[in-house]
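A look at the structure
Each chain is listed here by its residues.
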Amino acid sequence: MATNVVMPQMGYDMREGTVVRWYKQEGESVDRGEVIADIETDKATVEFEAYTGGVLGRIVAQEGIAVPVGNLIAIITEPGESVPEVEAAAAPPAAAPAPPPAPVAAQTPTAAPSAAPAPAPSDGEVRASPIARRLARERGIDLSLVSGTGPNGRITERDIESYQPRAPEPTSAPAPAPAPVAQPVAAPADSRIELSRMRQTIARVTSDSKASAPHFYVTAEIDMGKAMAFRRDVNDESDPENRVSVNDLMVKACALALVKHPKFNSFFRGDHLEVHGAMNIGIAIALESGLILPGVSNCESKSLLQIAAATKDLISRANSGTLRNEEYSSTTFSISNMGMFDVESFTAIIYPPHAAILAVGSVKQQPVVRDGELAVGTTMKATLSTDHRVADGAEAAQFLMEIKRVLENPVSLLL
């Protein structure tokens, strides 16, 4: 039986997507879970996996055309099954033919012929990731001038970010510069910065969240002395590539706390809460083009080292633009960590439809009082933003205190 493949909703705020590349052609076999296309959203380019096997009978959405969420993009059929007739998505309008050049006036025999304009450089043969191509378009960078550092010379997002245009070489030695004369410094002129699609989406989502979800905030100071010593011991015994970060400790602590306080792992649905059994924790990742919030699934059943490995893989693929659909669309709780920027504390805006988000500050050594004596302690501040429709202040405090308890007794992270 034929299966309609529709544009998926890769995140709460997604309204439309664009197929930037089909990996399969019509008539080719498809396995369930196989990547068949790259889909670009407002925030990233995501690999799209087939949710059924068979034959790619018809491609409906052409590359480069925005398609609303839920609209048909392809049809997968059983082998030998006829393909239902559907109307293909419109192709982008062809460019209007250039008008014929104006006749050139006759030149005298002694006049040198004018040089023909050089053709515009094309990146059609350049190997580049979808997100690198998009950034190059936005910044007006010719991909043929960029050196790729990816596999087989493939241009990555980092190559675009680090690209610096070459200064033109002087044709002759410059004349000696005159002695500098002091000039009054002109005030900078007003300018206009166009917002990228990602920044526009972030603006819309955060505005909607603050307008619809009544936020309140609870902050706690956590003694991180034992947790940091525990982390050092774990990393001393672990492979260097699987080192545990402070954020990994936070993800595991939140997963354990969510098991005891499932209300914070739910969505508000008007007259009821949709409580989720799996703790799929989203991690705020800052990219050059904006903020994204993909997640690690089933954190409650993963060990600390498994969470550390999954997080490193998630961040790596977020930067290369190869995240999967479910990593955007299935998160149930989120963490935003700005400790690496030496931020002591902050409040975060809830990512809808989540019930809460934890904002994590830096781990600092500072004076503390223990048993009436002044000492040097290692502390961290964490602030929980909560949707008041889901929970009250006392419940939020109890949830945050459970996170604090786990981190101050880090052996719990191994249970």
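Described in the following lines is the structure provided in the data block. Note that the structure is predicted; figures quoted are calculated from it, not measured.

**Some points on the overall build of the chain**
A tally of helices and strands in the chain yields 8 helices and 20 strands. Per-residue burial over the chain gives 41% buried out of 415 residues. Considering only intrachain contacts with a sequence separation of at least 6, the fraction spanning at least 24 residues in the chain is 63%. In the form shown here, the chain has an accessible surface area of approximately 23,100 Å², with 54% of it arising from carbon and sulfur atoms.

**What about the side chain of S238?**
By the element assignment, S238 lies in the loop between α4 (225-236) and α5 (246-260). For S238, a relative accessible area of 18% puts it in the buried group. Looking at S238, its side chain comes within polar contact range of the main-chain oxygen of V234, at 2.6 Å.

**Here's the deal with the packing of aromatic side chains**
Using the criterion set out here, one finds 3 aromatic pairs in the structure. Centre to centre, the rings of F264 and F399 are 4.6 Å apart; their planes meet at 10°, and the pair counts as stacked. Residue F264 is found in the loop between α5 and β10 (266-268), and its partner F399 is found in helix α8 (residues 393-408); the two are separated by 135 residues along the sequence. Ring geometry for F333 versus F399: centroids 5.8 Å apart, planes at 85°, classification edge-to-face. Taken together, the positions of F333 in strand β17 (residues 333-337) and F399 in helix α8 put the pair 66 residues apart, joining distant regions of the chain. Its relative accessible area of 0% is what places F399 among the buried residues. Taken together, the ring pairs in this structure connect F264, F333 and F399 into an aromatic cluster.

**Examining the sheet that holds strand β6 (residues 54-59)**
Within a sheet, adjacent strands bond to each other through the backbone by hydrogen bonds, running parallel or antiparallel. The 4 strands lie next to each other as β1-β8-β6-β3, forming an open sheet whose pairing is antiparallel. Looking at the sheet topology across the chains shown, the edges are occupied by β1 (3-6) and β3 (29-30). Of the strand pairs in this sheet, β3 and β6 are connected by 2 bridges, and their pairing is antiparallel. The residue of β6 that forms the bridge with V30 is G54.

The rules behind each value
- Residues numbered from 1 in each chain as written.
- Predicted model: local features only at pLDDT ≥ 70, side-chain atom pairs only at ≥ 80, totals over all residues.
- Heavy atoms only, no water.
- Helix = DSSP H or I, 4+ residues; strand = E, 2+ residues; numbered from the N terminus.
- Buried < 20%, exposed > 50% of the residue type's maximum accessible area, 1.4 Å probe, protein only.
- Contact = heavy atoms within 4.5 Å.
- Areas by Shrake-Rupley, 256 points an atom, 1.4 Å probe, with all protein chains shown as cover.
- Polar contact = N/O pair within 3.5 Å; in protein donor to acceptor, adjacent residues only side chain to side chain.
- Phe/Tyr/Trp six-rings, centres within 6.5 Å; stacked < 30°, edge-to-face > 60°.
- Pairing = 2+ DSSP bridges.

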